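Below, each chain spelled out in residue letters.
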Amino acid sequence: MYRAVTQSIEVCVEPSYMPAQSEPEAAHFVWAYQITITNNSPETVQLVSRYWHITDEAGRVQEVRGEGVVGEQPVLKPGDSYSYTSGCPLSTPSGIMVGRYTMRGPRGAFFDVDIPAFSLDLPGAVASLN
């Protein structure tokens, strides 16, 4: 499990390789990742957008930006958690993802929350540093 806390907003990530959706002989590797966002602040916040920086084993970078997550822009009251699962395909057997969420606070101010860097590694493969 990977974890980051920014301004009392905790983001935990648990990645897992999806062999049934992957085709290694065709250089197609798929991972799922479950993210749980917990609002440990005294204020209500809303997740409005996301940014991902994805680097594969060969050093190729993809950047992904968009509104919300999985079609939602969840509102988290103090103490609330929100979980979702998404996925990432790569053409190499390993990579790394890192990102941030943009949140809106109670007075309309925007702030960024870190998503911790996490590894996407084929089970049993020897990890290599990019």
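All values derive from a computational prediction rather than experimental measurement. (Residues numbered from 1 in each chain as written. Predicted model: local features only at pLDDT ≥ 70, side-chain atom pairs only at ≥ 80, totals over all residues. Heavy atoms only, no water.)

### Things to note about the sheet that holds strand β2 (residues 9-17)
Link 1 in the chain: An order of β1-β2-β3-β7 is seen for the four strands of this open sheet, with the pairing classed as antiparallel. Of all the strands in the sheet, just β1 (2-6) and β7 (81-90) have a single pairing partner and so form its edges. The average undirected angle you get between the axes of adjacent strands in this sheet is 20°.
Link 2 in the chain: Here strand β3 (residues 29-39) pairs with β7 via 10 bridges, running antiparallel. When the sheet's bridge partners are listed, Trp-31 is paired in β7 with Cys-88. (Pairing = 2+ DSSP bridges. Helix = DSSP H or I, 4+ residues; strand = E, 2+ residues; numbered from the N terminus. Axes fitted to C-alpha atoms, helices over the stretch in contact; angles between N-to-C directions.)

### Some remarks on the side chain of Asp-56
Link 1 in the chain: Residue position: Asp-56 is located in strand β4 (residues 45-56).
Link 2 in the chain: Under the relative-accessibility criterion, Asp-56 is labelled buried at 5%.
Link 3 in the chain: A polar contact is formed between the side chain of Asp-56 and the side chain of Arg-60, at a distance of 2.8 Å. (Buried < 20%, exposed > 50% of the residue type's maximum accessible area, 1.4 Å probe, protein only. Polar contact = N/O pair within 3.5 Å; in protein donor to acceptor, adjacent residues only side chain to side chain.)

### Remarks on the packing of aromatic side chains
Link 1 in the chain: In total, this model carries seven aromatic pairs according to the counting rule given.
Link 2 in the chain: With a centroid separation of 5.6 Å and an interplanar angle of 50°, the aromatic rings of Tyr-33 and Phe-118 are classed as tilted. One end of the pair, Tyr-33, is in strand β3; the other, Phe-118, is in strand β9 (residues 110-121), and 85 residues separate them in sequence. A single burial state applies to Tyr-33 and to Phe-118, both of which are buried.
Link 3 in the chain: The exposure class assigned to Phe-118 is buried, which follows from its relative accessible area of 0%.
Link 4 in the chain: Over the ring of Tyr-51 we find Arg-100; its NZ or CZ atom is 4.4 Å from the centre of that ring. (Phe/Tyr/Trp six-rings, centres within 6.5 Å; stacked < 30°, edge-to-face > 60°. Lys NZ or Arg CZ within 6 Å of the ring centre and 35° of its normal.)

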